[in-house]
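Chain by chain, the residues:
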Number of protein chains: 4
Amino acid sequence: MKSYIAEKLETFKKNNKNRARLLINCDDQPGIVATVSQFLYDHQANILESNQYSTDPNGGGEFFIRIEFEIEDLKNQVNQLEQDFEEIKDQFQLEATFKYVDQIKKVAIFVSKEPHCLLELLWEWQSGDLMADISLVISNHDTSREFVEPLGIPYYHIPANKDIRKQVEEEQIALLKEHEIDVIVLARYMQILTPHFVETFKNKIINIHHSFLPAFIGAKPYERAYQRGVKLIGATSHYVTNDLDEGPIIEQDISRVDHRDNAEAMKKIGQSVERSVLARAVKWQLDDRIIVYGNKTIVF
Amino acid sequence: MKSYIAEKLETFKKNNKNRARLLINCDDQPGIVATVSQFLYDHQANILESNQYSTDPNGGGEFFIRIEFEIEDLKNQVNQLEQDFEEIKDQFQLEATFKYVDQIKKVAIFVSKEPHCLLELLWEWQSGDLMADISLVISNHDTSREFVEPLGIPYYHIPANKDIRKQVEEEQIALLKEHEIDVIVLARYMQILTPHFVETFKNKIINIHHSFLPAFIGAKPYERAYQRGVKLIGATSHYVTNDLDEGPIIEQDISRVDHRDNAEAMKKIGQSVERSVLARAVKWQLDDRIIVYGNKTIVF
Amino acid sequence: MKSYIAEKLETFKKNNKNRARLLINCDDQPGIVATVSQFLYDHQANILESNQYSTDPNGGGEFFIRIEFEIEDLKNQVNQLEQDFEEIKDQFQLEATFKYVDQIKKVAIFVSKEPHCLLELLWEWQSGDLMADISLVISNHDTSREFVEPLGIPYYHIPANKDIRKQVEEEQIALLKEHEIDVIVLARYMQILTPHFVETFKNKIINIHHSFLPAFIGAKPYERAYQRGVKLIGATSHYVTNDLDEGPIIEQDISRVDHRDNAEAMKKIGQSVERSVLARAVKWQLDDRIIVYGNKTIVF
Amino acid sequence: MKSYIAEKLETFKKNNKNRARLLINCDDQPGIVATVSQFLYDHQANILESNQYSTDPNGGGEFFIRIEFEIEDLKNQVNQLEQDFEEIKDQFQLEATFKYVDQIKKVAIFVSKEPHCLLELLWEWQSGDLMADISLVISNHDTSREFVEPLGIPYYHIPANKDIRKQVEEEQIALLKEHEIDVIVLARYMQILTPHFVETFKNKIINIHHSFLPAFIGAKPYERAYQRGVKLIGATSHYVTNDLDEGPIIEQDISRVDHRDNAEAMKKIGQSVERSVLARAVKWQLDDRIIVYGNKTIVF
């Protein structure tokens, strides 16, 4: 990793060494907020941000909360904190996770030929807007190597097609495990993943699809958008599941087009939307802002 | 019609008595722009706005142009102008129409129960932003009568369902012909039209669909958008053809939603998008800005 | 008031008879959220929405929270609820208000010649999107009477100019007090208000200014925007203070313009922005979503 | 210059060797469009795009037109074409320029400490969206060198402050003349330029200002935006004149902020707007789409 990026990450870790996030989901029931607030107060936590949502405001639904907080000398409090919280977890039957902000997430980027989404992520990373350890880039082409290696990131060229999918994925999974990857970003990676791969990294694979889903599922969305004569084109970032382009949507955006834009022009315009939609989704993932619930996401 | 609206229309007609639009489409071929420009120059036309588009900028495609112009004492020049233009039409094999701005278009609005799109059109009309003669409103419910009649517009309550479709449409067509209607706006009219009706008013029927087509064709788009967990909802205005929600798209727009918005909230948010998308489409139709070409529109 | 609007308001009141909002601001200090959550839990409140903000997340700033909740049989609990809360108010030195959703706010609209903002508010009101009692309209012109009276709203034509300002305002204030007005909306009212008037209705007067403030403070913003050659025009809704166009901003939005748009066209485009910006601000005011803090607003 | 970028530029030049643009402005007068259209037709030009604008559609104003066209074997026709056009120039007293698309423009980028706008331009350039020869980068700091030199662009570190302004500018002007620079982009260059410098490169210097002008002219716009409590922040790209932030505006855009965003957060959000606004302005400059007229721009 380039020294100026490593330096930014170090500063970030130091500045956030006392910062944590608590993510909870459970059956909605009275008293959760009061209990959790009291718990954090008792542990001298300073709440920086708090978001909650209930699927049914009248009760009986699912309840979600994300609290970002700071505790003095957090490193030495963590064990006690998590241990004390076990009681509340049991009492309310919570699914709950503590996340620590200085534990920088390890990211792998997959890319095929078109580099624009990869470049956007690298750009945001260089600018200090994506606080991650981009541990490796995997591509079925060799063409993006020259953007990646100068930044000190290893680039793995693993040719792929559907006949050798199994062995390709074994190689990929080995690399991902070796690097202890937390998040896989498909930055316009044009290969289908097997159910085995998807299962191995459940809710950890973020894809960008170049249409506003559910319109234009599958191949060649810009060509089909042009054929249909739409006045808006879009992009969708979603978690990968086994149903093509059907996973939980994280973020979408659109751009206006008109009759002068042919499929080629739409593709150009769309790339800019793809870039920003994917970058936002990845950022939210790094910030632990996304909770998957059924086939939807809650983005706090 | 209310007196203050009638007055606005009269002023508009007077101010635009010398203003016309020439709309052309034809095979792209050299010399058209030069010839038409020369023709208008020779007839002392002052060009106010000119837009052109060719499906293939390298030639061999279809060519479209819309020119808005003024000619002193137009009323007395019209016959000569149109007659002189016949030669050019023949020479280049043009499809061409002259439109005269002071010939206010007659509009019929169809509505079912939800009045928001109807109200938007009436509002724009009262504000002087929709220079049309809203000649009648037809509804399969009686509920919107109280918005319509105080403005001096006749309101026809014609109950409808699929069993009596033929006779209902006969009654509707009779009214539309009697009023010499130029444009039919389906402002959330929830009945299917027969091919006979559609054919009778080809490219004259503008519908608003409450999704960003081609996503969520058909019934209950907001419910389905909610089920899919989309982050954007939209609306689409299009010409009605015999394929449900498949006609040429005129305009689309979207609004952002998030996990807190259920189907009911999406519907509320969406209504605002529907209103503005439909109003824009109708305005462009009145201004002769839309050319239908295959299953697409050129909007100048 | 027209019967169908009165009916909507009645239904709304009935549906929300158990719903309340608690708005708090105070010095940021540990334990507030825990204490208030516990208080509401102890009073069997079901929390529907909760938003909080602190000017300094690291402590020592000002803290704000808005909680919307329901309590079974609220009417008979109110006294006890408010009385019990006094202790917490004292303990944390809170500024706190309970608002009850079925206490529909009384609104007065002021308008001069241009009716577009007035019409938008009346439209939203008819559509059921503005749950208010629009008690009266006051204008220095008689031109909007015909939009207002058919809806059953009294219209007061009070000619005004700077020479008779004092007596005009006395007449206005008398009317506003007689109608027990909660919110005054200046829907393009082109008269300056005196400090006395502003003081009488502090943080209750919402104005729409036709520029993105602080650009183009004062008269003729569209003309000046055109002269400057801007590519965006905007509108700003803000509370009225004694400094012209300097009050706390509630909402702003913009629309794109280009070189073809002269001042007249900008005005037309801008009116649409003014309408939606003002309508949003008024809606938030009715929903008790706005807290004024210094010269800024927190909009929850 | 990196080989893959050089290759893209070569391909672009080859693909556009027959493509030219004709830009005209003059007093509005009858017959210009007809005459110019006929001229291009007579010279076998295929018109790809044509845009026109008149400051006063009723005549008597200023007239502008930009025509993009192709002529077979353009290289060998250029002399005759320009020579033949002299007659029309004289006849209508036109100010007219032919631009040839394969004459790639030479660009110099000036930057101070914050690299985000520089990085965006380099990014667009690498992606093939900015068809320019970025000939050099000049900075009063050495910090951006590591982004620039790996791309094969010379980086000149010229420390600057107001005491040594004259000698600094002499050094800069020498470099710019040596490289025959066509466009100077101030990508967050925080030094004032002298009238001599501005005059030397009139209408060739594009700046990005980090506010929606004319709001927050001068220093620290984000801090001032935060103090004022605005709900939108923006950025403005404009030509540099001797009046600080008063030059002709090319492009503006905004992003929404709320009460949670302090000056630091606004700066972060704003940087993204600055990037895209500046990139659009530079792209239009390279495409010869901008005509300066008085203190405004026409962007075709």
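Residues numbered from 1 in each chain as written. Chains lettered and ligands numbered in written order. Predicted model: local features only at pLDDT ≥ 70, side-chain atom pairs only at ≥ 80, totals over all residues. Heavy atoms only, no water.

A. Just the packing of helix H4 (residues 116-126) of chain A against helix H9 (residues 263-286) of chain A, in detail. Residue and element names in this part refer to chain A. Running from N to C, H4 and H9 point in directions that differ by 50°, and their axes come no closer than 9 Å. Here H4 lies oblique to H9, going by the angle between them. Taken as a pair, H4 and H9 cross one another with a handedness that is right-handed. Mapping the contact onto sequence places His116, Cys117, Glu120, Leu121 and Glu124 in H4 and Gln271, Glu274, Arg275, Leu278, Ala279 and Val282 in H9. Residues of the contact of H4 with H9, tallied by class, amount to 5 nonpolar, 2 polar and 4 charged. (Axes fitted to C-alpha atoms, helices over the stretch in contact; angles between N-to-C directions. Helix = DSSP H or I, 4+ residues; strand = E, 2+ residues; numbered from the N terminus. Parallel < 35°, antiparallel > 145°, perpendicular 65-115°, else oblique. Left-handed = near helix turned anticlockwise from the far one by under 90°. Contact = heavy atoms within 4.5 Å. Nonpolar A, V, L, I, M, F, W, Y, C, P; charged D, E, K, R; others polar.)

B. Spotlight on the environment of serine 112 of chain A. Residue and element names in this part refer to chain A. Along the chain, the position of serine 112 falls in the loop between strand E5 (105-111) and H4. Relative accessible area serves as the criterion here: at 3%, serine 112 is assigned to the buried category. Sequence separation between serine 112 and alanine 235 is 123 residues, and the spatial gap between their C-alpha atoms is 17 Å. The residues touching serine 112, leaving out its near neighbours within four places in the chain, are Ser139, Asn140, His141, Thr143, Ser144, Arg188, Tyr189 and Met190. A polar contact is formed between the side chain of serine 112 and the side chain of asparagine 140, at a distance of 3.0 Å. At 2.9 Å, the side chain of serine 112 and the backbone nitrogen of methionine 190 are in polar contact. (Buried < 20%, exposed > 50% of the residue type's maximum accessible area, 1.4 Å probe, protein only. Polar contact = N/O pair within 3.5 Å; in protein donor to acceptor, adjacent residues only side chain to side chain.)

C. Region of interest: the relation of the copies chain B and chain D. Take chain B, turn it by 180°, move it 0.1 Å along the axis, and it overlays chain D with an RMSD of 0.0 Å. Put plainly, the chains are arranged around a two-fold axis. Relative to the rotation axis, the C-alpha of alanine 34 of chain B is the closest in chain B, positioned 2.7 Å from it. Interface overlap between copies: 100% of the residues of chain B at the interface are likewise at the interface in chain D, consistent with a symmetric, same-surface contact. (Least-squares fit on C-alpha atoms with pLDDT ≥ 70 in both.)

D. Structural view of the environment of valine 101 of chain B. All names here are of chain B. Assignment of secondary structure puts valine 101 in the loop between strand E4 (95-100) and strand E5 (105-111). Separated by 71 residues in the primary sequence, valine 101 and glutamine 172 have C-alpha atoms spaced 27 Å apart. In this view, valine 101 contacts Phe12, Asn16, Arg19, Ala20, Arg21 and Glu68; residues no more than four positions away in its chain are not counted.

E. Helix H2 (residues 32-42) of chain C, seen in detail. Every buried residue of H2 of chain C is listed here: Ile32, Val33, Ala34, Val36, Ser37, Phe39 and Leu40 of chain C. A positive backbone phi angle near 60° is found at glutamine 44 of chain C, which sits one or two residues after H2 of chain C.

F. Seen up close, the domain arrangement of chain A. Residues and elements named next belong to chain A. If you check the domain split of chain A, you get domain 1 (17-100) and domain 2 (105-299). Taken together, the contacts link 11 residues of domain 1 with 7 residues of domain 2. Across the interface of domain 1 and domain 2, roughly 810 Å² is buried in total on both sides, 58% from carbon and sulfur atoms. Summed over the three residues of domain 1 that lose the most area to domain 2, namely Arg21, Phe64 and Arg66, the buried surface amounts to 48% of that side. Run the count over domain 1 and domain 2 and you get 2 salt bridges. Notably, a salt bridge pairs aspartate 288 with arginine 21, separated by 2.8 Å at the nearest N-O pair. (Domains from an automatic or database assignment. Buried area = accessible area lost by both parts, 1.4 Å probe. Salt bridge = Lys/Arg side-chain N within 4 Å of Asp/Glu carboxyl O.)

G. Seen up close, the UniProt feature "active site" (unreviewed entry) in chain A. Under the local residue numbering, the UniProt record ascribes the feature "active site" (unreviewed entry) to Asp245 of chain A. Topologically, aspartate 245 of chain A is positioned in the loop between strand E10 (232-239) and strand E11 (249-256). Aside from chain neighbours lying at most four places away, what touches aspartate 245 of chain A is Asn207, His209, Leu213, Ile217, Gly218 and His238 of chain A together with Arg228 of chain B. Of note is the side chain of aspartate 245 of chain A, whose polar atom sits 2.9 Å from the backbone nitrogen of glycine 218 of chain A. (UniProt positions renumbered as here; feature names shortened; annotations may be inferred.)

H. Just the interface of chain B and chain D, in detail. Taken together, the 16 residues of chain B in the interface contact 16 residues of chain D. Both sides of the chain B and chain D interface together cover about 1,200 Å² of buried area, and 55% of this is carbon and sulfur. Of all residues in chain B, Ala34, Tyr41 and Pro57 of chain B bury the most surface against chain D, accounting for 31% of the area lost on that side. Counting the contacts that link chain B with chain D gives 0 salt bridges. The interface formed by chain B and chain D contains 2 residue pairs in polar contact (both at pLDDT 80 or more).

I. Structural context of the UniProt feature "domain: ACT" (unreviewed entry) in chain A. Per the UniProt record, the feature "domain: ACT" (unreviewed entry) sits at residues 21-106 of chain A. Along residues 21-106 of chain A the backbone is 35% helical and 38% strand, and the end-to-end C-alpha distance reaches 18 Å.

J. Expanded view of the pattern of salt bridges. Residue and element names in this part refer to chain D. Within the structure shown, the criterion is met by 110 salt bridges over all chains. Note that glutamate 10 and lysine 13 form a salt bridge whose closest N and O atoms lie 3.9 Å from each other. Taken together, the positions of glutamate 10 and lysine 13, both in helix H1 (residues 3-15) and 3 residues apart, correspond to about one turn of that helix.

K. Structural view of the pairing of strand E6 (residues 132-139) of chain D. All names here are of chain D. Across the 8 residues that make up E6, a large majority, 8, are buried. Taken together, the 7 bridges between strand E5 (residues 105-111) and E6 define a ladder with parallel strand orientation. Following the sheet pairing, valine 111 is matched in E6 by serine 139. Crossover E5 to E6 through helix H4 (residues 116-126) is right-handed. (Pairing = 2+ DSSP bridges. Right-handed = clockwise from strand over helix to strand, strands pointing away.)

L. Summary view of the sheet that holds strand E2 (residues 46-54) of chain D. All names here are of chain D. The strand order across the open sheet formed by 4 strands is E2-E3-E1-E4, and the pairing between neighbours is antiparallel. The sheet terminates laterally at E2 and strand E4 (95-100), the two strands that pair on one side only. Within the sheet, the average angular offset between the axes of one strand and its neighbour, ignoring direction, is 10°. As paired strands, strand E1 (residues 19-27) and strand E3 (residues 62-70) are joined by 9 bridges and run antiparallel to one another. Along E3, the bridge assignment pairs leucine 23 with arginine 66. Packing against the sheet, helix H2 (residues 32-42) makes contact with E1, E2, E3 and E4, and its axis sits at approximately 15° to E3. This element, helix H3 (residues 74-92), spans E1, E3 and E4 of the sheet and lies at about 170° to E4.

M. The environment of asparagine 161 of chain A, seen in detail. Residues and elements named next belong to chain A. Structurally, asparagine 161 is set in the loop between strand E7 (155-157) and helix H6 (165-178). Note: C-alpha distance between asparagine 161 and glutamate 264 (103 residues apart in sequence) is 25 Å. A polar contact is formed between the side chain of asparagine 161 and the backbone nitrogen of aspartate 163, at a distance of 2.8 Å.

N. Main features of the interface of chain B and chain A. In this assembly, 32 residues from chain B lie in contact with 32 residues from chain A. Here chain B packs against chain A, burying approximately 2,800 Å² in sum over the two surfaces, 53% of which is carbon and sulfur. Across the chain B-chain A interface, the total number found is 6 salt bridges. Measuring nitrogen to oxygen at the nearest pair gives 3.5 Å for the salt bridge that ties aspartate 253 of chain A to arginine 256 of chain B. At the boundary of chain B and chain A, one finds 21 residue pairs in polar contact (both at pLDDT 80 or more). Of all the elements in the fold, those that place two or more residues in the side of chain B that touches chain A are helix H8 (221-228), strand E11 (249-256) and strand E13 (296-299) of chain B. Of all the elements, E11 of chain B adds the most residues to the side of chain B that touches chain A, at 7 residues. Grouping the amino acids of the side of chain B that touches chain A by side-chain chemistry returns 15 nonpolar, 7 polar and 10 charged.

O. Summary view of H3 of chain D. Residues and elements named next belong to chain D. The end-to-end C-alpha separation of H3 is 25 Å, in line with the 27 Å expected for 19 residues at 1.5 Å each. Along H3, the sharpest kink reaches roughly 25°, centred on glutamate 86. Residues Leu74, Val78, Leu81, Phe85, Ile88 and Phe92 constitute the buried set of H3. Those residues of H3 hidden inside the fold are in contact with E1, H2, E3 and E4. (Expected span 1.5 Å × (residues − 1). Bend = angle between axes of the 7 residues up to and from the residue.)

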